[in-house]
Amino acid sequence: AIDISTLTKQTGLTTLDVGFVNTAATRSAITYIDGDKGILRYRGYNIADVAEHSSFLETAWLLIYGELPTAEELEAFDKRVRRHTLIHEDLRRIFDALPHDAHPMSVLSSAVSALSTYYEKSRGVNDPDEIELSTIRLLSKLPVIAAYAHKKSLGHAFLYPDNSLSFVDNFLRLNFGTMAEPYVVNPVVSKALERLLILHADHEQNASTSTVRLVGSTESNIFSSISAGINALYGPLHGGANEAVLEMLQEIKDSGEGVEKFVERVKNKEPGVRLMGFGHRVYKSFDPRAQLVKESADEVLEALGVQDDLLDIAKELEAVALADEYFISRKLYPNVDFYTGVIYKAMGFPPRMFTVLFAIGRLPGWIAHWREMNDDPATRIGRPQQLYTGSPAREWPEGRPEG
Ligand code: ACO
């Protein structure tokens with residue numbers, strides 16, 4: 001066993017590790033990844049089993065509390081999450097203050113940050129009851145805020161949640177229902193979305209989760225920490241890739257240049273041209289989530305009777321890239337984001353909502369990591385070192401006028 005105390009002493013030695021490629025910043029018992037073998041496990045359970053047998057809330061419980069819930073525990077948890085879906089009426093007005101064409105990820109992070117203004121007691125990071133309540137509030141309210149961000153972009157009236165519906169069905173209704181008529185949930189869409197949320201639920205120390213932990217290490221409250229995580233997820237190299245993939249597929253279709261030509265441009269490293277949805281810092285043989293998402297894409301589009309050229313382009317791109325030395329030698333494979341956009345589009349979500357869906361999925365992971373960090377007596381404020389490359393000490397110029 002490693003004696004952690006010997007590893008947390010300042011030794012005077014500094015390691016330069018740009019992008020934290022080799023440096024572990026914490027121990028964690030939540031998620032296991034073996035990037036060479038394409039293995040992903042939540043609390044020891046294989047991701048394919050979790051996606052097949054579990055619900056999103058059960059997965060959330062598993063990640064946060066470490067074990068599968070009993071039937072009674074799950075029922076009580078589900079009830080509690082349903083009960084807290086309402087957003088304070090004043091907070092609903094925050095949406096009026098933001099431009100209608102604001103990106104929903106910015107709207108989401110702003111509103112989540114604002115949640116801490118309503119729940120002042122959440123500053124008590126040593127109060128287990130308050131942390132428990134914040135956990136429930138986040139799980140209940142994030143989907144509602146997300147749906148309002150969507151409705152706002154359309155200029156539609158916001159609906160109040162219907163707590164008789166399940167977590168996913170409530171979310172679908174808030175996005176696609178209107179005041180004018182009852183909303184009927186399509187079970188194909190509901191099941192597929194549940195599965196996609198599960199596949200996104202945690203991924204150990206990715207950029208957004210590390211952000212949540214870093215902010216949390218200052219004893220900032222969980223709402224502020226998760227708002228920071230949402231901002232980290234927004235970038236196209238992380239969660240924003242799902243939106244970028246769809247834009248890329250659409251551009252290939254509209255330009256008519258063909259997949260082979262596009263891949264050539266990627267290989268020539270034309271500025272700003274990457275094969276979005278490909279490559280991963282950790283997975284070097286395949287991303288197990290990507291395989292499950294690809295299966296879903298075929299099933300969902302077929303069940304919904306949707307024919308989308310973009311799915312064909314995506315498949316062609318994957319086939320061309322996987323046979324090409326550039327991608328083979330760099331161990332670049334489709335990641336979780338490569339096929340999700342095509343499914344979200346078939347469900348009726350606009351591309352700007354794709355990363356918001358990722359955020360809802362990732363929420364249990366962020367919460368689980370924040371709580372693990374907060375409970376761990378070994379936690380210290382996260383404070384990386386640097387190697388200074390600036391000027392040596394200089395004399396202030398004599399005779400220089402006062403600034
Ligand atoms: N298209 C083309 N080339 C790529 C791609 C890509 N998608 N990804 C990596 N490469 C190349 C790099 O140019 C580099 O080549 P070089 O050695 O000739 O310079 C090599 O592969 C290594 O790439 P890095 O950028 O150093 O790898 P890193 O681990 O830092 O980045 C990342 C990983 C950010 C995911 C990267 O692969 C990427 O930008 N992918 C596209 C964006 C994307 O899909 N992000 C989602 C990631 S999954 C998630 O967050 C849920």
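Residue numbers restart at each chain and count upward from 1, following the sequence in its written direction. This being a predicted model, a pLDDT of at least 70 is required before a residue's local features are given, and a value of 80 or more before pairs of side-chain atoms are given or counted; all residues contribute to the totals for chains, interfaces and linings.

For the protein, the name recorded in an unreviewed UniProt entry is Citrate synthase, with Glaciihabitans tibetensis as its organism. UniProt positions are given in the numbering used here, feature names are shortened, and annotations may be inferred rather than shown by experiment. UniProt, in its Sequence similarities (unreviewed entry) section for the protein, records the words "Belongs to the citrate synthase family." Recorded in UniProt for the protein, the comment headed Pathway (unreviewed entry) runs: "Carbohydrate metabolism; tricarboxylic acid cycle; isocitrate from oxaloacetate: step 1/2."

**Q** Before we move on, can you summarise the overall build of the protein with the specific residues and values?
**A** Elements are defined by DSSP. Helices are runs of H or I of four residues or more, strands are runs of E of two residues or more, and each kind is numbered from the N terminus. When helices and strands are counted, the protein shows 19 helices and three strands. If you line up the protein on its principal axes, its C-alpha atoms span 75 × 60 × 55 Å. A total of 403 residues make up the protein; the buried ones form 41% of that total. Here, residues touch in the contact sense if the C-beta positions derived from the backbone fall within 7 Å of one another. In the protein, the proportion of contacts linking residues at least 24 apart, taken out of those at least 6 apart, comes to 77%. Exposed residues have 12 or fewer other C-beta atoms within 10 Å of their own C-beta, buried residues have 20 or more, and partly exposed residues fall in between, where C-beta atoms are placed from the backbone.

**Q** Describe in detail the UniProt feature "active site" (unreviewed entry) in the protein, supporting the description with residues and values.
**A** The positions that UniProt labels "active site" (unreviewed entry) are, in the present scheme, His 280 and Asp 337. Considering the C-alpha atoms alone, the annotated residues occupy 58 residues of sequence yet fold into one spot, their largest mutual distance being 10.6 Å. Summarising the element assignment, His 280 is placed in the loop between helix 14 (259–267) and helix 15 (288–304). If near-sequence neighbours (up to four positions away) are discounted, His 280 is found in contact with Asp 287 and Asn 335. Within the fold, Asp 337 resides in helix 18 (residues 337–347). Residue Asp 337 is classed as buried on the basis of its 29 C-beta neighbours within 10 Å. Each residue touching Asp 337, except ones within four places of it in the same chain, is listed here: Ala 241, Asn 242, Val 245 and Gly 277.

**Q** Before we move on, could you go through the site of the ligand and cite the residues and values that matter?
**A** Only the C-beta atom matters for nearness: placed from the backbone, it must lie within 6 Å of the molecule or strand for the residue to count as near. Near the ligand there are 19 residues, and of these Ala 241, Leu 275, Phe 278, Gly 279 and Arg 281 occur at the shortest range. Under the scheme applied here, ten amino acids are nonpolar (Ala, Val, Leu, Ile, Met, Phe, Trp, Tyr, Cys and Pro), four are charged (Asp, Glu, Lys and Arg), and all others, including Gly, are polar. When the residues that make up the shell around the ligand are grouped by side-chain class, the tally is eight nonpolar, seven polar and four charged.

**Q** Break down the packing of helix 3 (residues 56–65) against helix 19 (residues 354–375) for me, with residues and values.
**A** Whenever a helix is involved, its axis is fitted only over the stretch in contact; in every case the axis is a line through C-alpha atoms, and angles between N-to-C directions fall within 0 to 180 degrees. It is the contact of helix 3 with helix 19, at a shortest axis distance of 8 Å, that shows an interaxial angle of 15°. As judged from the angle between their axes, helix 3 and helix 19 are roughly parallel. As helix 3 runs across helix 19, the sense of the crossing is right-handed. Taking contact as the criterion, the partners of Thr 59, Ala 60, Leu 63 and Ile 64 in helix 3 are, on helix 19, Pro 364, Gly 365, Ile 367, Ala 368 and Arg 371. The residue inventory of the contact of helix 3 with helix 19, partitioned by class, reads six nonpolar, two polar and one charged. Any angle from 65 to 115 degrees is called roughly perpendicular, while one under 35 is roughly parallel, one over 145 is roughly antiparallel, and all others are oblique. Crossing handedness follows the turn of the near helix against the far one: under a right angle anticlockwise gives a left-handed crossing, and clockwise gives a right-handed one.

**Q** Summarise the confidence of the model for the protein; cite the residues concerned and give the values.
**A** Think of pLDDT as the predictor's per-residue confidence, scored from 0 to 100. Here the protein averages 95 in pLDDT, while 98% of its residues score no lower than 70. Listed scores for the predicted complex are pTM 0.95 and ipTM 0.96.

**Q** Summarise the sheet that holds strand 1 (residues 31–34); cite the residues concerned and give the values.
**A** At least two bridges found by DSSP between two strands are what make those strands a pair. Spatial strand order, 1-2-3: three strands in an open sheet with antiparallel pairing. Both outer strands of the open sheet, strand 1 and strand 3 (45–46), are each paired with one neighbouring strand and no more. In this sheet, strand 3 lies alongside strand 2 (residues 39–42) in antiparallel orientation, the contact comprising two bridges. Of the residues in strand 3, the one forming a bridge with Tyr 42 is Tyr 45.

**Q** Explain the environment of Leu 332 residue by residue, including any values.
**A** Topologically, Leu 332 is positioned in the loop between helix 17 (325–329) and helix 18. Look at Leu 332 and you get buried, because 20 C-beta atoms sit within 10 Å. Measuring from C-alpha to C-alpha, the distance between Leu 332 and Phe 77 comes to 40 Å, with 255 residues separating the pair along the chain. Filtering out sequence-adjacent residues up to four positions away, Leu 332 remains in contact with Phe 278, Gly 279 and Phe 327.

**Q** If you had to explain the environment of Glu 194 to someone new, which residues and values would you point to?
**A** Along the chain, the position of Glu 194 falls in helix 10 (residues 187–199). Here the alpha-carbon distance between Glu 194 and Asp 169, two residues 25 residues apart in the chain, equals 9.3 Å. Apart from the residues lying within four places of it in its own chain, the contact partners of Glu 194 are Ser 55, Phe 56 and Val 168.

**Q** Explain the environment of Gly 361 to me, using residue names and the numbers behind them.
**A** Position of Gly 361 among the secondary structure elements: in helix 19. For Gly 361 and Arg 93, which are 268 residues apart along the polypeptide, the C-alpha to C-alpha distance reads 25 Å. Excluding residues within four positions of it along the chain, Gly 361 makes contact with Leu 196, Leu 197, His 200 and Ala 201.

**Q** Could you give me a rundown of helix 15, with the residues and numbers involved?
**A** Over its 17 residues, helix 15 extends 25 Å from the first C-alpha to the last, a length consistent with the 24 Å expected when each residue adds 1.5 Å. For helix 15, the complete set of buried residues consists of Pro 288, Arg 289, Ala 290, Leu 292, Val 293, Lys 294, Ser 296, Ala 297 and Val 300. Contact partners of the buried residues in helix 15: strand 2, helix 2 (47–53), helix 10, helix 16 (309–322) and helix 18. At the C-terminal side of helix 15, Gly 305 shows a positive phi close to 65°. Helix span, as expected, comes to 1.5 Å for every residue beyond the first.

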